[in-house]
Structures are given as structure tokens and as C-alpha cells.
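Topology and contacts: notes
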Amino acid sequence: LLRSMGVAKSDHGDLAGALDAFAESQGIYTKMRKLESPLGASLLNDIGMARARFKDLKGASKAFAEAQRIFRHTNTIETPDGCLLLMNAGNNKKALDDIDGAMKLFSEARDIRDRTSSLDTPDGVRLLVAIGTTLSEQGDHDGALEAFSEAYNLHTRMDTLDSPSAASVLNYIGST
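The paragraphs below set out a description of the structure included in this document. This one's a predicted model, so the numbers in the text were calculated from it and none came from an experiment.

**Quick word on the packing of helix α4 (residues 57–73) against helix α5 (residues 80–95)**
Relative orientation of the contacting elements α4 and α5 amounts to 150°, with a least axis distance of 10 Å. Classified by the angle their axes make, α4 and α5 are roughly antiparallel. Note that α4 runs across α5; the crossing there is left-handed. Every residue of α5 that contacts α4 at L57, A60, S61, F64, A67, Q68, F71 and R72 is listed here: D81, G82, L85, L86, N88, A89, N92 and A95. Here the residues of the contact of α4 with α5 are counted per class, giving 9 nonpolar, 5 polar and 2 charged.

Okay, structure coming up:
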């Protein structure tokens, strides 16, 4: 419940409230010895997202790194939650102008999604868009167009062509 409250507070612009709820949740996870678990890693991912949303990129990096360590230690990085973390950490590295680091994380998330047949999801689309925008910003317009086209094809397979996300992907294709 506290974790959900933290996410809701973050989504509504209340960083202090979000971090308070997350800290209380983290304290409970720690007391119950559950922080070193996939659920604990997902909580740290949520903390990283809240910090990134409010431009505390270094604090976000710390939370993402700890979540990544836990996912790897528990051999659960190759899950949808692990891929989500890798994408979020990649976006944070991109915001810190660490493009190589971002692309490494995006590539790892993509490889995992391919191996686990979990690319055909909204998070898979977001990952491909993150890859495409990063490649475009680096001047690799062919690579970007390939990623955006694949994201559009995912929308076709998921029958979500009428979604705002599909419209956004078409916009990226048109501007690449």
C-alpha cells in the first residue's frame, strides 16, 4: 500500500510525499528482510523513477544501481520488471548524457525481451522508442527508423493502432 501511495504521489507531483511513502515502505521491506528480493528491487526502481521525474538524476542513478544489483543477485533481471528497470536506468543515463551507458542498458533489455518473448507489450514499445530516439539524437537515422518501425509493427500486432502511443510512434517515423 505504501509503495502504491508513493507512486501515486509521484505521479501527482508530490515528490516529498512520494519519497516519504517509499522510505517507509523501504523500512518495512528491510525489517522483513525483503529488500533483497525482486519486490525490493522493484521498490527501488519506483524510487529511482520518482527521483528522475523530479530531476534528482544522481539519486535516481543510485536507486537504479541498487535495484539492478538485487535483480542480478536474485537472478531475476530476465523478467519484465528487470527489463523495465534496465529501460528506466537507461533513460536516466541518457538524461545524464551517458549515451553509451544508456544504449548498453537498452540493448540488454531488448536482448532479454527477445529471449523471453516479452517484446510485444506496451513496455516493449516504450523500449523501442527509447532506442529510436537515442539513435536519432546520435544521428543514426536509419537505426532510429528501424526501431520506430518495429514499435509501430508491435502496435499493429497488439491491435493498438488507435492509441496515443501509436500516434506518437508515427510522429517519430515522420520526423526521422
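**Let's talk about the nonpolar core**
Core analysis: the largest hydrophobic core is formed by 44 residues, its most contacted members being F22, F106 and I131. For F22, the contacting residues outside a window of four places in its chain are R3, G6, V7, L43, D46, I47 and A50.

**A closer look at the environment of A67**
With respect to the element layout, A67 can be found in helix α4. As for A67 and D162, which are separated by 95 residues in sequence, their C-alpha atoms are 34 Å apart. Not counting chain neighbours up to four residues away, the residues in contact with A67 comprise A41, L44, N45 and L85.

**Some points on unusual backbone geometry**
A negative phi angle is the norm for most residues apart from glycine, just as the trans form is the norm for most peptide bonds. Unlike most non-glycine residues, N75 shows phi in positive territory, near 55°. You can see N75 is positioned in the loop between α4 and α5. Judged by relative accessible area, which is 70%, N75 ranks as exposed. The phi torsion at D97 lies on the positive side, around 65°, for a residue other than glycine. You can see D97 is positioned in the loop between α5 and α6 (99–115). On the basis of relative accessibility, which here comes to 65%, the residue D97 falls in the exposed class.

Rules used throughout
- Residues numbered from 1 in each chain as written.
- Predicted model: local features only at pLDDT ≥ 70, side-chain atom pairs only at ≥ 80, totals over all residues.
- Heavy atoms only, no water.
- Axes fitted to C-alpha atoms, helices over the stretch in contact; angles between N-to-C directions.
- Helix = DSSP H or I, 4+ residues; strand = E, 2+ residues; numbered from the N terminus.
- Parallel < 35°, antiparallel > 145°, perpendicular 65-115°, else oblique.
- Left-handed = near helix turned anticlockwise from the far one by under 90°.
- Contact = heavy atoms within 4.5 Å.
- Nonpolar A, V, L, I, M, F, W, Y, C, P; charged D, E, K, R; others polar.
- Core = buried A, V, L, I, M, F, W, Y, C linked by side-chain atoms within 4.5 Å.
- Buried < 20%, exposed > 50% of the residue type's maximum accessible area, 1.4 Å probe, protein only.

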